[in-house]
Amino acid sequence: LGDIHGRVTLDPIFHDGSAVPWWLFSLADGNQREGQSDTDTWSMMAQRVAHSVRNPLTSILLTLHRLQTEYRERAPAVANRLDPYSSRIEDRIEQLRQLTSNFLKFVDLEEPDLTQVDVNEFVTKFCDAFRRTAPPDIRIGVKLGSDIPKLSADIGQLESLLDNLVANAVNAMPEGGVITLVTGLDTTPTTSGNDGGQVKIEVMDTGVGIAPPDIAKLFEMGFSNSVGGSGLGLAIVKKVVDDHDGRIHVASELGTGSVFSILLPLQRDNDNNTYPRETNASKVPTGSTP
């Protein structure tokens, strides 16, 4: 049969907080393009993770609903005190279910579900939810711009974007600090000639800052400044921004903090329901500080 050439890869998949991973074994045809092999590997990982996470979450949710029914029937006097806790558990389960869906979108296994989003309302609700579970030494504030039109976006992906940016900010403040979310409308014309305006969402922190050489690597898969970090969070952020044809700006100063600015275009092509394309979908300038 002659020689057979190929490539064997092993990718770790960490699960359930365990330090011992599963290993994804893949064998690629030697004639297969390198990029295609990587894409297939990530797709296989996404499907495995989604299956391994979604099934237990469904079981946990059903068990929680049964528990709610039991204590409401048998101990109605304490139901009002228990309901907020069970609701919080239910919210976290839904967030994890959404996370698996967003990961599938990250590897292009699911299409974005575009809806009209009131950005100020969205950011306000996000901050309210974060305050209920935030570490005690972390404070979050919000500054809302005025007269911002609704944005056509995948709200689940936007939640994932903010989740990852805020988690990144928390990790940058080991001694505690302040996170500020800012919204606004930017009417600066883009390089594609889009003058329909852009929604700006900024996440500011008072953390340790980012070393200049690391800023250019922030959105690379696998890169992380955090001990034990997966290197996936900011890569997901960039993918969400790219899917919405937006741009990312990062400004940081060591010892002072960082600002992640997201610009998402409002104007859409009415013929095919897509955004006008930017020449450079994501930019990471380094010349300014918070």
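Before reading on, note that the structure itself is shown above.
Residue positions are counted from 1 within each chain, in the order its sequence is given. Only residues with pLDDT of at least 70 get local features here, since the model is predicted, and only at 80 or more are side-chain atom pairs given and counted; chain-wide, interface and lining totals rely on the full set of residues. The basis for every side-chain value is the complete set of non-hydrogen atoms in the structure, without hydrogens or water.

### Some remarks on the environment of L144
How we decide: Starting at the N terminus, helices and strands are each numbered in turn, a helix being any DSSP run of H or I of at least four residues and a strand any DSSP run of E of at least two. Contacts are assigned to residue pairs with any non-hydrogen atoms lying within 4.5 Å of each other.
Assignment of secondary structure puts L144 in the loop between β4 (138-143) and β5 (151-153). Put simply, L144 and V119 are 25 residues apart on the chain and 9.1 Å apart in space, counted from C-alpha to C-alpha. When residues no more than four places from it in sequence are discounted, the contact partners of L144 are N120, V123, T124 and T183.

### Description of the sheet that holds strand β9 (residues 257-265)
Threshold: Strand pairing is assigned whenever DSSP detects at least two bridges linking the two strands. Angular values range over 0 to 180 degrees, each being the angle between N-to-C directions of two axes fitted as lines to C-alpha atoms, with helices fitted over their stretch in contact.
Within the open sheet, the five strands sit side by side as β4-β6-β7-β9-β8. Their pairing is mixed. Because the sheet does not close on itself, it has two edges, and the strands there are β4 and β8 (247-253). Sheet twist, expressed as the average angle between the axes of neighbouring strands with direction ignored, equals 15°. Summarising the sheet, β4 and strand β6 (residues 177-186) pair through six bridges and their orientation is parallel. Residue pairing in the sheet places R139 in a bridge with V178 of β6. Its contacts with the sheet place helix α3 (residues 119-133) against β4, β6 and β7 (198-205), and it is angled at close to 165° to β4.

### Quick look at the pattern of salt bridges
Rules: One speaks of a salt bridge when a side-chain nitrogen belonging to Lys or Arg is within 4 Å of a carboxyl oxygen belonging to Asp or Glu. Only protein chains enter the accessibility calculation, which uses a 1.4 Å probe; a residue is then buried when its area is under 20% of its type maximum, exposed when over 50%, and partly exposed in between.
In the structure shown here, the tally under the stated rule is eight salt bridges. Linking E70 and R66 is a salt bridge whose minimum nitrogen-to-oxygen distance equals 3.3 Å. In this pair, E70 and R66 are both assigned in helix α1 (residues 34-74), four residues apart and thus about one turn of the helix distant. K239 is the salt-bridge partner of D243, the closest N and O atoms lying 3.0 Å from each other. Of this pair, D243 and K239 both sit in helix α6 (residues 233-243), four residues apart, which is roughly one turn of that helix. Take D243: its relative accessible area is 28%, and that puts it in the partly exposed class. Take K239: its relative accessible area is 14%, and that puts it in the buried class.

### What about the packing of helix α4 (residues 155-171) against α6?
Stated formally: The crossing is said to be left-handed when, going from far helix to near helix, the turn is anticlockwise and less than a right angle, and right-handed when the turn is clockwise.
The N-to-C vectors of α4 and α6 enclose an angle of 145°; their axes lie 9 Å apart at closest approach. Like other packed secondary-structure pairs, α4 and α6 cross with a definite hand, here left-handed. Together, Q157, S160, L161, N164, L165 and N168 of α4 and G233, L234, I236, V237, V240, V241 and D243 of α6 make up the contact between the two elements.

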